[in-house]
Amino acid sequence: MSRYRGRFAPTPSGPLHLGSLVAALASFLDARHANGDWLLRIEDIDPPRCPPGAAATILHQLEAFGLHWDGWVTWQHDRDAAYRSALETLGSQGLAYPCSCSRKQWCDHAIYPGWCRNAVREPGRPVAWRLRSDRGLRPVTWQDRLFGEQRLDPAELGDVILMRKDGLWAYQLAVVVDDAHQGITDVVRGFDLLGNTPWQRQLQHALGLPEPSYLHLPLIMGDNGQKLSKQNLAPPLPQDDDAVRPLLHRALKALDQSPPPEMARAAVSEQLARAIVDWDVGRIEPDAERRPGDQVADSDAPSPR
Ligand code: GLU
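Now for a look at the structure at hand. (Residues numbered from 1 in each chain as written. Predicted model: local features only at pLDDT ≥ 70, side-chain atom pairs only at ≥ 80, totals over all residues. Heavy atoms only, no water.)

## Examining unusual backbone geometry
The residue N35 is not glycine, and still its phi comes out positive at about 60 degrees. Note on placement: N35 falls in the loop between α1 (18–33) and β2 (37–42). The class for N35 is exposed, based on a relative accessible area of 60%. The phi torsion at D256 lies on the positive side, around 60 degrees, for a residue other than glycine. (Helix = DSSP H or I, 4+ residues; strand = E, 2+ residues; numbered from the N terminus. Buried < 20%, exposed > 50% of the residue type's maximum accessible area, 1.4 Å probe, protein only.)

## Re the site of the ligand
Near the ligand, the surroundings consist of R7, A9, P10, T11, E43, Y171, V175, R189 and L193. At 2.8 Å from a nitrogen atom of the ligand is found a side-chain nitrogen or oxygen belonging to T11. Here an oxygen atom of the ligand sits 3.0 Å away from a polar atom, N or O, in the side chain of Y171. Protein burial of the ligand: of its 300 Å² of free accessible surface, 81% is covered by the chains. Its residues assigned to classes, the shell around the ligand comprises 5 nonpolar, 1 polar and 3 charged. (Near = heavy atom within 4 Å. Polar contact = N/O pair within 3.5 Å; in protein donor to acceptor, adjacent residues only side chain to side chain. Areas by Shrake-Rupley, 256 points an atom, 1.4 Å probe, with all protein chains shown as cover. Nonpolar A, V, L, I, M, F, W, Y, C, P; charged D, E, K, R; others polar.)

## A short note on α1
Taking 1.5 Å per residue as the helical rise, α1 with its 16 residues ought to reach 22 Å, and the 22 Å between its terminal C-alpha atoms agrees with that figure. By the criterion of burial, α1 is predominantly enclosed, with 15 of the 16 residues buried. One or two steps after α1, the chain reaches N35, where phi turns positive at roughly 60 degrees. (Expected span 1.5 Å × (residues − 1).)

## Regarding the side chain of R130
Counting through the fold element by element, R130 comes out in strand β5 (residues 128–131). A polar contact of 2.7 Å, which involves the side chain of R130, links it to the backbone oxygen of D159. Not counting residues up to four positions away in its chain, the partners in contact with R130 are L95, A96, Y97, C99, W106, Y112, D159, V160, I161 and L162. (Contact = heavy atoms within 4.5 Å.)

Written out as structure tokens, the structure is:
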């Protein structure tokens, strides 16, 4: 069996918040508990969504929480040639095609109906590139480590976009190419990404790449009942140690790991050392969503700012 290699792959569209801390922490603990590597990839393929300085803030925030990664950071803005070569491979197998349709044209359909699959390409017209889902791709099945067996038919998935009309690479292609490039064996991330996994498995199959195992985690919801996210202006993670210690403890509780209450004020390195030894995925309740307060039993637990 290959050595465990996990990763955290944030999009630098803003600073990390409690929801992203929980995902980063789970993937870190899962890797370190298995004596594996934990890698960092900055998913900055969509520059208009990534304000200057956001990636640097993320690196500092991870360091403040003791989440030190192995090796060099992978930046998606450096990986253009790899994505291009994957698209060419798919194109040469007849599995990718250019599509000039706009979303408005097919808005009455649940998924893109594949109108451009056999269309002649009109020179000069902007096109997106899509994966053909009607060319013998198997139904996608996989075993999520928390949510159990998942199965989807390619016909329900539709022809996913690989490259956008504006020339930017699509997340699905980039993530698959990079997970393979970084030798990732285990993907641990939030439940909001579970719906992307069938496309990623389909692409791995089409490109002949190894299929990592997947663990999706319950999402942390804000008091307004919405997922904590940058769009919902979730408060950024603090970087000063006094605030970091109790918040780390709180993130461990959000992962159902029951850290001893007295550890809430312990040094970050001490909390993490204990959490690595104690890490047990079997303790995580498979809820799709939860509020950060749900697991907080002791009354003096601090709020995430
Ligand atoms: N970049 C994605 C995000 O920040 C995560 C990608 C992944 O973990 O596969 O939501």
